Amino acid sequence: MIELQKICVAFHQGKQQGSLAVDDVSLAISQGEVYGIVGASGAGKSTLLRTINLLQRPTAGTVKVNGVAVSGLTGRALRQQRQKIGMIFQHFNLMHTRTVAANVAFSLRAAGKSTADIARRVPEILALVGLADKADAYPAQLSGGQKQRVGIARAIANQPEVLLCDEPTSALDLDTSSAILQLLKEINARLGITIVLISHEMAVIKSICDRVAVMSRGRVVEEGDVFDIFANPRHEFTRQLVSHTLNLELPARLMQDLQGTLLKILFIGPSAEQPVLSDVATRFGVSVNILHGKIEYIGSRALGLLVALLTHPDTPERITEAVNYIRDNTARVEVLHG
Ligand SMILES: Nc1ncnc2c1ncn2[C@@H]1O[C@H](COP(=O)(O)OP(=O)(O)OP(=O)(O)O)[C@@H](O)[C@H]1O
Ligand SMILES: [Mg+2]
């Protein structure tokens, strides 16, 4: 539904051509998907996102929405196209001198809706985002999470096909953040709105996105199914992002004076539930001491990580056999020590 083809964006610095903020990015986002873009500060995420509703014109490349090359549109056609795309922001961008209802009414009026339509729609939309009782409040009287709900209400008021979200939860605490992500997920499921969401945190991507593009220095370095990217990150930058979330660093004191073989084991899907480790204990007579572990659920799929120490009282060769057995029955095994 959204196709970005070889998009480049250059910003001029004085008379000089600066380096590319977005450098040859091609992506295809399907109808109804929640698509994430993750990357460090300055990677070009916002610039790329803004090319989708043409708040930013690409220097080169084509943006297509539903097969139409929107990057060529101007005037009325461009304004009409923009109305099919809603957007929300990190700092909400609300009109502070107007009530919640008036903020939402504003975007309906801008789309040419009648007064009667507006009077009917505003309460509907506010109920949808859980703000039915805040219609007459001013933004200053709201919490951060409530402000973002107003932002969402305003963005979806005109029933857009696409909702662009630029770091929608970065200014919110953890609980509020997950409530807002939940709301976005509901909007995606109930209204079928395609969502493109930027974040610098893999945890946010993991909680609601189906697919993700990883950006670094203007380029997409890796792209795919969120589960696959977590299970098997290829690019060094992605590995760092993922390890922040899965955070399985062992305390240094545990690494000292280790006797035996220390393994980091990744389980995927069904193998996450299989008792591979108790199997090796019985089959090879090794003792398995689990030092650290966790299971992450991405969508409905399980990704398990364990750090385990294998020892054998008198026949160390049995450890090698045990490691091979684990390797054959799990997604990935890394020998950390021994
Ligand atoms: N209007 C502009 N004029 C000049 N340079 C810009 C402009 N907007 C962005 N840039 C530059 O383009 C690069 C990408 O910026 P962008 O805002 O897209 O990054 P980002 O990934 O969204 O970062 P952040 O996570 O901090 O929001 C940066 O080097 C930035 O300085
Ligand atoms: Mg940004």
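What counts and how
- Per chain, the residues get numbers from 1 upward, laid out in the order the sequence is written.
- The lettering of chains begins at A and the numbering of ligands begins at 1, in the order of writing.
- Whole-chain, interface and lining totals are the exception, using all residues; otherwise, since this is a predicted model, local features are given only for residues with pLDDT of at least 70 and side-chain atom pairs are given and counted only at 80 or more.
- Each side-chain value is derived from all of the structure's non-hydrogen atoms; neither hydrogens nor water enter the calculation.
- Whether a residue is near a molecule or strand depends on its heavy atoms: it is near if one of them lies within 4 Å of it.
- Definition of a polar contact: a pair of N or O atoms within 3.5 Å, with one able to donate and the other able to accept a hydrogen when the atoms are protein atoms, and with sequence-neighbouring residues admitted only if both atoms are side-chain atoms.
- Every helix listed is a DSSP run of H or I at least four residues long, and every strand listed is a run of E at least two residues long, numbered separately from the N terminus.
- Domain delimitation follows an automatic or database domain assignment.
- For any pair of parts, buried area is found by adding up, for both, the accessible area (1.4 Å probe) each one loses once the two are put together.
- Any Lys or Arg side-chain nitrogen located within 4 Å of an Asp or Glu carboxyl oxygen qualifies as a salt bridge.
- Ten residues, namely Ala, Val, Leu, Ile, Met, Phe, Trp, Tyr, Cys and Pro, are considered nonpolar, four, namely Asp, Glu, Lys and Arg, are considered charged, and the remaining ones, Gly among them, are considered polar.
- In this analysis, the protein atoms alone were mapped onto a 1 Å grid. Cavities are point sets where a 1.4 Å probe fits without being able to get out; pockets are open sets with protein on both sides within 12 Å along at least five of seven lines; lining residues have an atom within 4 Å of a point.
- Grid points are joined across faces, edges and corners, and a volume is the space filled by probe spheres set on the points.
- Note on pairing: DSSP must find at least two bridges between two strands before they are called paired.
- To get an axis, fit a line to the C-alpha atoms, keeping to the stretch in contact for a helix; angles then go from 0 to 180 degrees between the N-to-C directions.
- For this analysis, residues touch if any pair of their heavy atoms sits within 4.5 Å.

S.K.: Is there a simple way to think about the site of ligand 1 in this case?
M.R.: For ligand 1, the full set of nearby residues is Phe-11, Ala-21, Ala-40, Ser-41, Gly-42, Ala-43, Gly-44, Lys-45, Ser-46, Thr-47 and Glu-167. Contacts to ligand 1 include Ser-41, whose side-chain N or O atom sits 2.6 Å from an oxygen atom. A distance of 2.8 Å separates an oxygen atom of ligand 1 from a polar side-chain atom of Lys-45. Per-element accounting of the shell around ligand 1 gives the leading share, three residues, to helix α1 (residues 45–52).

S.K.: Just checking my understanding: could you explain the domain arrangement of the protein for this structure?
M.R.: A common way to express how large an interface is: the accessible area buried when the components associate. We note that the domain assignment places domain 1 (2–244) and domain 2 (254–337) within the protein. The centre of domain 1, based on its C-alpha atoms, is set 41 Å off from the matching centre of domain 2. Summing the contributions of domain 1 and of domain 2, the shared interface buries around 700 Å²; its carbon and sulfur component is 63%. The largest share of the area that domain 1 buries against domain 2 comes from Lys-206, Phe-227 and Ala-231, three residues that together contribute 79% of it. There are two salt bridges connecting domain 1 and domain 2. Residues Glu-296 and Lys-206 are paired through a salt bridge, measuring 2.3 Å at the closest nitrogen-oxygen approach. Where domain 1 packs against domain 2, one counts two residue pairs in polar contact (both at pLDDT 80 or more). For the side of domain 1 that touches domain 2, the leading source of residues is helix α8 (residues 226–231), giving five residues. Of the residues assigned to the side of domain 1 that touches domain 2, the class counts are four nonpolar, one polar and three charged.

S.K.: What exactly am I supposed to notice about the layout of surface pockets here?
M.R.: The rolling of a water-molecule-sized probe over the atoms marks out the regions of remaining empty space. Its boundaries defined by the atoms lining it, the largest pocket holds a volume of some 580 Å³. Taken together, 18 residues line the largest pocket, and the ones lying closest to its centre are Arg-82, Ile-85, Gly-86, Met-87 and Ser-107. Those elements giving two or more residues to the lining of the largest pocket turn out to be α2 (75–83), β6 (85–89), α3 (100–110) and α5 (144–156). Taken together, the residues that form the lining of the largest pocket break down as 10 nonpolar, five polar and three charged.

S.K.: Teacher, can you tell me more about the sheet that holds strand β12 (residues 287–298) here?
M.R.: Strand-to-strand pairing in sheets goes through backbone hydrogen bonds, with the strands running parallel or antiparallel. Ordered by their spatial adjacency, four strands build an open sheet running β12-β13-β11-β14, and the pairing between neighbours is antiparallel. Unpaired on one side and paired on the other, β12 and β14 (332–337) mark the two borders of the sheet. Here the strands of the sheet are splayed against their neighbours by 15 degrees on average, with no regard to which way each runs. Bridge count for strand β11 (residues 261–268) against strand β13 (residues 301–311) is eight bridges, and the pairing is antiparallel. The residue of β13 that forms the bridge with Leu-266 is Leu-305. This element, helix α11 (residues 276–284), spans β11, β12 and β13 of the sheet and lies at about 160 degrees to β12.

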